[in-house]
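Structural description and commentary
Each chain is listed here by its residues.
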Amino acid sequence: MDRRKALKKAGLLAGATIAMPSLFSLLQSCKNETRLDWQPEFFTEDEAKTISALIDTILPTTDTPGGLDVKADMFIDKVVAQTYDAEGQQNMRNAIAEFNASCKEKYGAVFPELSDADKTAVLKEAEASSPKFNPGVWGTTVGDQQPVGFYRSMKSMAIWAYFTSEEMGENVLSYDPIPGTYEPCKPLSEVGNRWSL
């Protein structure tokens, strides 16, 4: 091998050695990047990513579908777009912005960009510090309900969207589209799974 070819190959090897960590970190950053694969009706793309990340953390996929599997984020987007007035929509935008600002201040990034451990830490903190819903009787709240804040409201909406989804109603919970006879005194052990109707 002549000297010129040997120097050329050594240069290529050195360049590849220097470039590999950068390429790996670029690939890793692409892997961690959150993508939105639906078109929100109300939320901006960044807001929708926050809502999706929140729902995925609250209701992850396990042996049952997760919140994103049943499109709870898309449902919430439609609820806010079609049922909230202008003031309510602006309050939602402000709450998402405040939530992300708090994440950035404490953990260095907005919620969708946090590690799974940091997302869990954020939600544990929010769970401990957020006001709770008052108990209710027959659908009516007992006592004076104070505002519960963004986290508690979003968690409530996510659970509502999750359990009222067609996927959960028909394939996970017990479902009988044509109920049979009324059986008033049945042992609980015979009832089995929760029912969607």
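Cut-off values and rules
Each chain carries its own residue numbering, running from 1 in the direction its sequence is written. Two thresholds apply to this predicted model, a pLDDT of at least 70 for residue-level local features and 80 or more for giving and counting side-chain atom pairs, whereas whole-chain, interface and lining totals are computed over all residues. Derived side-chain values reflect all non-hydrogen atoms in the structure, with water molecules and hydrogen atoms excluded from consideration. Definition of nonpolar core: a set of buried residues of the types Ala, Val, Leu, Ile, Met, Phe, Trp, Tyr and Cys, connected through side-chain atoms within 4.5 Å. Burial classes follow relative accessibility: with a 1.4 Å probe on protein chains only, a residue under 20% of its type's maximum area counts as buried, one over 50% as exposed, and anything between as partly exposed. Starting at the N terminus, helices and strands are each numbered in turn, a helix being any DSSP run of H or I of at least four residues and a strand any DSSP run of E of at least two. We call two residues in contact when some of their heavy atoms are within 4.5 Å. Axis geometry follows a simple rule: fit a line to the C-alpha atoms, using only the stretch in contact for helices, then measure angles between N-to-C directions, giving values from 0 to 180 degrees. Oblique is the label for any angle not covered by the other classes, which are roughly parallel (under 35 degrees), roughly antiparallel (over 145) and roughly perpendicular (65 to 115). Throughout, a crossing is termed right-handed when the near helix is turned clockwise from the far one, and left-handed when it is turned anticlockwise from it by less than a right angle. For Phe, Tyr and Trp, rings pair up if their centres lie within 6.5 Å, where Trp contributes its six-membered ring, and each pair is then called stacked (planes under 30 degrees apart), edge-to-face (over 60) or tilted (otherwise). For a helix, the expected span equals 1.5 Å multiplied by the number of residues minus one. A side-chain nitrogen of Lys or Arg and a carboxyl oxygen of Asp or Glu constitute a salt bridge if their distance falls within 4 Å. Here a polar contact is taken to be a pair of N or O atoms separated by no more than 3.5 Å, where protein atoms must pair a possible hydrogen donor with a possible acceptor and residues adjacent in sequence count only if both atoms sit in side chains.

Identification of the chain as Multidrug ABC transporter permease from Maribacter cobaltidurans is taken from an unreviewed UniProt entry.

So, on to the nonpolar core. Nonpolar side chains tend toward joint burial in soluble globular proteins. Counting residues in hydrophobic clusters, the biggest one holds 34 residues, and the most contacted among them are Phe43, Ile76, Met92, Phe111 and Phe150. Taken together, the elements giving at least two residues each to this core come down to helix H2 (45-58), helix H3 (72-83), helix H4 (86-107), helix H5 (116-129) and helix H6 (149-163). Top contributing element to this core by residue count: H6, with seven residues. Residues in contact with Ile76, not counting those within four places in the same chain, are Phe43, Ile55, Met154, Met157 and Ala158.

One way to put it is that H4 packs onto H5 with a least axis distance of 12 Å and a crossing angle of 120°. Between H4 and H5, the interaxial angle falls into the category oblique. Judged by the twist between their axes, the crossing of H4 over H5 is right-handed. Seen from H4, the contacting residues are Phe99, Cys103, Lys106 and Tyr107; seen from H5, they are Asp118, Ala121, Val122 and Glu125.

With that out of the way, let us pick up the packing of aromatic side chains. As enumerated under the stated definition, the model contains five aromatic pairs in all. Each ring, one from Phe99 and one from Phe111, has its centre 5.3 Å from the other, and the planes form 50°; the classification is tilted. Taken as a pair, Phe99 in helix H4 and Phe111 in the loop between H4 and H5 lie far apart in primary sequence, twelve residues in all. The exposure class of Phe99 is buried, given its relative accessible area of 11%.

A word on H6. Between its first and last C-alpha, H6 extends 22 Å over 15 residues, near the 21 Å set by a 1.5 Å rise per residue. Among the residues making up H6, those that are buried are Phe150, Tyr151, Arg152, Met154, Met157, Ala158, Ala161 and Tyr162. Contacts from the buried residues of H6 go to H2, H3, H4, H5 and helix H7 (166-172).

Turning our eyes to something else, we now look at the pattern of salt bridges. According to the stated counting rule, one finds six salt bridges in the structure shown. Between Glu41 and Lys78 there is a salt bridge; the shortest N-O distance is 3.2 Å. Here Glu41 is found in the loop between helix H1 (3-32) and H2, whereas its partner Lys78 is found in helix H3, with 37 residues between them in sequence. What makes Lys78 partly exposed here is its relative accessible area of 44%. Salt-bridge contacts for Lys155 lead to Glu127; the nearest nitrogen and oxygen are separated by 2.9 Å. You can see Lys155 sitting in helix H6 and its partner Glu127 sitting in helix H5, a full 28 residues away along the chain.

With that out of the way, let us pick up the side chain of Arg152. Mapping Arg152 onto the fold places it in helix H6. At a separation of 2.8 Å, a polar atom in the side chain of Arg152 contacts the side chain of Glu127. Polar side-chain contacts of Arg152 include one of 3.2 Å to the backbone oxygen of Ser130. Contact partners of Arg152, with chain neighbours within four places excluded, come to Ala126, Glu127, Ser130, Pro131, Lys132 and Phe133.

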